[in-house]
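# Descriptive structure summary
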Amino acid sequence: MYREELEDDTKMENELKIIKIKDGLCFRIRDMIFVNENLEKQNPKLYLKAIHHETEHSPAYKFNDFFMDLKPEGTFFSSLSFMIRNPRSFKQLIPFFVYDGHFYIDYTLLFLYTILLSILVIKAIL
Ligand SMILES: [Zn+2]
């Protein structure tokens, strides 16, 4: 996942910071990777895959980042089982995130929810 800040005022750095969180699974904002504090201990393999995935994202959200998140990586079931064990990580599915007074949007999730909602609306009308 990649979450983009609304205003573009932060400087980019080359080094990625890993920040442990209680809510959510793993996502990236610019040079920061946010990862659930229990992931490394409970599932080291998934942790490494998730960190690797986030380092592959570009520093600014681009088309490639969008497609990267839609590509299956074989981590669906291990992610789901971790999320069931750590219910607060389900906050990963909320397409908005506030950190350090800044508001971030997950465009991939927002796009998927828009499609889903459109399908439901169309089905309700027809
Ligand atoms: Zn991603």
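Here's a quick rundown of the structure. All figures in this text were calculated on a predicted structure; none of them were measured in a lab. (Residues numbered from 1 in each chain as written. Predicted model: local features only at pLDDT ≥ 70, side-chain atom pairs only at ≥ 80, totals over all residues.)

## Re the overall build of the protein
Counting secondary structure elements, the protein contains five helices and six strands. Secondary structure elements in the protein, listed N-terminal to C-terminal, are β-β-β-β-α-α-α-α-β-β-α. Computed over the C-alpha atoms, the radius of gyration of the protein is 15 Å, within 12% of the 14 Å expected from 2.2 N^0.38 for a compact globule of 126 residues. Across the 126 residues that make up the protein, the buried fraction comes to 21%. (Helix = DSSP H or I, 4+ residues; strand = E, 2+ residues; numbered from the N terminus. Rg over C-alpha atoms; globule rule 2.2 N^0.38 Å. Buried ≥ 20, exposed ≤ 12 C-beta atoms within 10 Å, placed from the backbone.)

## Some remarks on the sheet that holds strand 2 (residues 17–21)
Spatial strand order, 2-4-3: three strands in an open sheet with mixed pairing. The open sheet terminates on both sides in strands that have one partner only, identified here as strand 2 and strand 3 (26–29). On average, each strand axis in the sheet is inclined to that of its neighbour by 25 degrees, with strand direction left out of account. With five bridges joining them, strand 2 and strand 4 (residues 32–36) adopt parallel strand pairing. Counted as the bridge partner of Ile18 is Ile33 from strand 4. Along the sheet, helix 2 (residues 44–56) makes contact with strand 3 and strand 4, crossing strand 4 at roughly 155 degrees. (Pairing = 2+ DSSP bridges. Axes fitted to C-alpha atoms, helices over the stretch in contact; angles between N-to-C directions. Contact = placed C-beta atoms within 7 Å.)

## Structural notes on the nonpolar core
With 13 residues, the main nonpolar core has Tyr2, Cys26, Phe27, Phe34, Val35, Leu39 and Ala50 as its most contacted residues. If you list the elements that add at least two residues to this core, you get strand 3 and strand 4. Not counting the four nearest positions on each side in its chain, Tyr2 is found in contact with Phe27, Arg28, His57, Tyr61, Asp65 and Asp69. (Core = buried A, V, L, I, M, F, W, Y, C linked by C-beta atoms within 7 Å.)

## Focus: unusual backbone geometry
Residues other than glycine seldom take positive phi values, yet Arg30 does so here, at roughly 50 degrees. Assignment of secondary structure puts Arg30 in the loop between strand 3 and strand 4. Judged by local crowding, Arg30 falls into the buried class, with 20 C-beta atoms found within 10 Å. The residue Asp100 is not glycine, and still its phi comes out positive at about 55 degrees. Tracing the sequence through the fold places Asp100 in the loop between strand 5 (96–99) and strand 6 (102–105).

## A few points about the sheet that holds strand 1 (residues 4–5)
Across the sheet, three strands lie side by side as 1-6-5; this open sheet has antiparallel pairing. Two strands lie at the open edges of the sheet, namely strand 1 and strand 5, each paired on one side alone. Across four bridges, the pairing between strand 5 and strand 6 is antiparallel. By the bridge assignment for strand 6, Phe97 is matched with Tyr104.

## Observations regarding the environment of Leu16
Turning to its location among the elements, Leu16 is positioned in the loop between strand 1 and strand 2. Exposure remark for Leu16: the 16 C-beta atoms within 10 Å place this residue in the partly exposed category. Residues Leu16 and Glu56 lie 40 residues apart in sequence; the distance between their C-alpha atoms is 11 Å. In this view, Leu16 contacts Asp31, Ile33 and Thr55; residues no more than four positions away in its chain are not counted.

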